[in-house]
Amino acid sequence: MIESKARPAVSLNSVHKRYGTTDALIDINLSVEPGEVVALVGPSGSGKTTLLNTICGLTIPDSGEISISGQSLTNIKHRKTLATLVGIVSQQYGLIPTLPVVQNVLAGKLGSWTNLKSVLSLIWPQDRKQASSILSSLGLDEKINERTSHLSGGEQQRVAVARVLIQSPDVILADEPVASLDPALAESVMGLLSRITQVDNKTLILSSHSPYLIQTYCSRIIGIRQGRIIFDMPISEINDDIFHDLYETNQILQR
Ligand SMILES: Nc1ncnc2c1ncn2[C@@H]1O[C@H](COP(=O)(O)OP(=O)(O)O)[C@@H](O)[C@H]1O
Ligand SMILES: [Mg+2]
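These figures come from a predicted structure and were not determined experimentally. Each chain has its residues counted from 1, running along the sequence as written. Going through the entries in the order they are written, you letter the chains from A and number the ligands from 1. Reporting in this predicted model follows two pLDDT cut-offs: at least 70 for local features of residues, and 80 or more for side-chain atom pairs to be given and counted; totals over whole chains, interfaces and linings ignore these cut-offs and use all residues. Each side-chain value is derived from all of the structure's non-hydrogen atoms; neither hydrogens nor water enter the calculation.

1. Digging into the sheet that holds strand E6 (residues 86-89)
Hydrogen bonds between backbone groups are what pair the strands of a sheet, and the pairing can be parallel or antiparallel. Paired strands are those between which DSSP finds at least two bridges. In this text, helices come from DSSP runs of H or I with a minimum length of four residues, and strands from runs of E with a minimum of two, each type numbered from the N-terminal end. If you trace the 6 strands from one edge of the open sheet to the other, you get E6-E7-E8-E3-E9-E10, paired in mixed fashion. Edge strands, defined here as strands with exactly one partner in the open sheet, are E6 and strand E10 (228-234). Along the sheet, successive strands turn relative to each other by an average axial angle of 15 degrees, direction set aside. This element, helix H7 (residues 183-199), spans strand E3 (37-41), strand E7 (171-175) and strand E8 (203-207) of the sheet and lies at about 150 degrees to E8. An axis is simply a line fitted to the C-alpha atoms; with a helix, the fit covers only the stretch in contact. Between two such axes, the angle follows the N-to-C directions and lies from 0 to 180 degrees. Contacts: residue pairs with any heavy atoms within 4.5 Å of one another.

As structure tokens, then:
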């Protein structure tokens, strides 16, 4: 049979991840189409970070299959290839504090820090211009040469966003990307991420605890609790009760 549908941007089939006695992800099945902006919501410890890290290959599942743009993660041998497919803004940012901001951003072009020297020799004027333009769209134009450790938490969070934007993978993952930002900045960074997703035909999956930002910028919402997906719906169908149930039932379970 000829498959008429375009291949999904992200596909997970029966993914399971266990840490010791904790099932962090249980039988996760998920398909995300190119162009979707998906919010991942759920209480702390529900598995959001594990799921995002698993989708980008940072965490290896115990079982199950993951494909990005039709390519199985297990078949991708080179980090650079992986970097064209998927990138993540993680909660730890993953920045090298002693380096200037611009070099942390340009590291996104490499996909990894395996060869620091090649990063340092990589700073061509056009790359620098691109980094500068992205930093400027994130309100960081004056910080380009600053030592990264001198930046505030919110500024470092935006450097991590800049790094994934210059990497420009098909699928952008972001783990609470605006958690350290004030409301106005959070809105502008979310706006930028969702605009780039649309303009460059990318796919965005992000975790967030902000109902307002999710409802404003996302097209689909997935609720996760204790490692399981408990709802997956278009953003137009979400309401306050569903949100509250997701978080409150967890508190009852933990009592
Ligand atoms: N590296 C790890 N080692 C042991 N347990 C972990 C590890 N990472 C996550 N977990 C556990 O897996 C569960 C899901 O965690 P996580 O994905 O970080 O949730 P969330 O991002 O939703 O807060 C939690 O019970 C957490 O304690
Ligand atoms: Mg987390």
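2. Focus: the site of ligand 1
When at least one non-hydrogen atom of a residue lies within 4 Å of a molecule or strand, that residue is treated as near it. All residues in the neighbourhood of ligand 1 are listed as Tyr19, Thr22, Ala24, Pro43, Ser44, Gly45, Ser46, Gly47, Lys48, Thr49 and Thr50. In the analysis that follows, any N or O atom pair within 3.5 Å is treated as a polar contact, provided that within protein one partner can donate a hydrogen and the other can accept it, and provided that, for residues neighboring in sequence, both atoms belong to side chains. A distance of 2.8 Å separates an oxygen atom of ligand 1 from a polar side-chain atom of threonine 49. Secondary-structure elements contributing two or more residues to the shell around ligand 1 are strand E2 (22-32) and helix H1 (48-55). The dominant element in the shell around ligand 1, judged by the number of residues it contributes, is H1, at 3 residues. For this classification, the nonpolar set comprises Ala, Val, Leu, Ile, Met, Phe, Trp, Tyr, Cys and Pro, the charged set comprises Asp, Glu, Lys and Arg, and every other residue, Gly included, is treated as polar. Of the residues that constitute the shell around ligand 1, the class distribution is 3 nonpolar, 7 polar and 1 charged.

3. Considerations on the pairing of strand E4 (residues 63-68)
Inspection of the sheet shows strand E1 (residues 10-19) paired to E4 by 5 bridges, in the antiparallel sense. The residue bridging asparagine 13 from the neighbouring strand is glutamate 65, located in E4. Strand direction decides the pairing type here: E4 and strand E5 (residues 71-72), joined by 2 bridges, are antiparallel. Note on E5: the bridge partner recorded for serine 67 is serine 72. Here E4 folds back onto E5, and the loop between the two strands holds 2 residues, one of which, serine 69, carries a positive phi near 45 degrees.

4. Looking at H7
The span expected for a helix works out to 1.5 Å for each residue beyond the first. The end-to-end C-alpha separation of H7 is 24 Å, in line with the 24 Å expected for 17 residues at 1.5 Å each. Exposure is judged per residue with a 1.4 Å probe applied to protein chains only, and the accessible area is read against the type maximum: over 50% gives exposed, under 20% gives buried, and values in between give partly exposed. Those residues of H7 lying buried are Ala186, Val189, Met190, Gly191, Leu192, Leu193, Ser194 and Thr197. Between a side-chain oxygen at the N-terminus of H7 and the backbone nitrogen of alanine 184 the separation is 3.1 Å; the capping residue is aspartate 182. After H7 finishes, the residue asparagine 201 shows a positive phi value of roughly 50 degrees.

5. Here's the deal with H1
In terms of residue burial, H1 counts as a mostly covered element, since 7 of its 8 residues are buried. Along H1, the residues classified as buried are Lys48, Thr50, Leu51, Leu52, Asn53, Thr54 and Ile55. Phi turns positive one or two residues past the end of H1, at glycine 57, with a value near 85 degrees.

6. Comments concerning the pattern of salt bridges
The salt bridge criterion pairs a side-chain nitrogen of Lys or Arg with a carboxyl oxygen of Asp or Glu, the two atoms within 4 Å. Applying the stated criterion to the full structure yields 5 salt bridges. A salt bridge links aspartate 127 to lysine 109; its shortest N-O distance comes to 3.6 Å. Note that aspartate 127 is positioned in helix H5 (residues 125-137) and lysine 109 in the loop between helix H3 (101-106) and helix H4 (116-120), a separation of 18 residues in sequence. In this structure, aspartate 232 engages arginine 220 in a salt bridge whose closest nitrogen and oxygen atoms are separated by 2.8 Å. Of the two residues, aspartate 232 is situated in strand E10 and arginine 220 in strand E9 (residues 220-225); the sequence distance between them amounts to 12 residues. Given the relative accessible area of 12%, arginine 220 is considered buried. Each of Glu36, Arg220 and Asp232 takes part in a single network of salt bridges with overlapping partners.

7. A short note on the packing of helix H6 (residues 153-167) against H7
Helices that pack against each other are described as a pair by the angle of their axes relative to one another and the distance between those axes. Running from N to C, H6 and H7 cross one another at 5 degrees; their axes reach a closest spacing of 12 Å. Compared by their axis directions, H6 and H7 come out roughly parallel. Touching Arg158, Val161 and Leu165 of H6 are Leu185, Val189, Leu192, Leu193 and Ile196, all from H7. Tallied by class, residues from the contact of H6 with H7 come to 7 nonpolar, no polar and 1 charged. Any angle that falls under 35 degrees is termed roughly parallel, while one over 145 is termed roughly antiparallel, one within 65 to 115 roughly perpendicular, and all others oblique.

8. Brief notes about the side chain of serine 194
Within the element layout of this structure, serine 194 appears in helix H7. In this view, serine 194 contacts Leu204 and Tyr217; residues no more than four positions away in its chain are not counted.

9. Regarding unusual backbone geometry
Residue glutamate 176 is not a glycine yet carries a positive backbone phi of 45 degrees. Summarising the element assignment, glutamate 176 is placed in the loop between E7 and H7. Taking relative accessible area as the criterion, glutamate 176 reaches 18% and is therefore assigned buried. Of note, asparagine 201 is a non-glycine position whose phi angle comes to about 50 degrees, a positive value. Note on placement: asparagine 201 falls in the loop between H7 and E8. On the basis of relative accessible area, asparagine 201 is assigned to the exposed category, the value being 53%.

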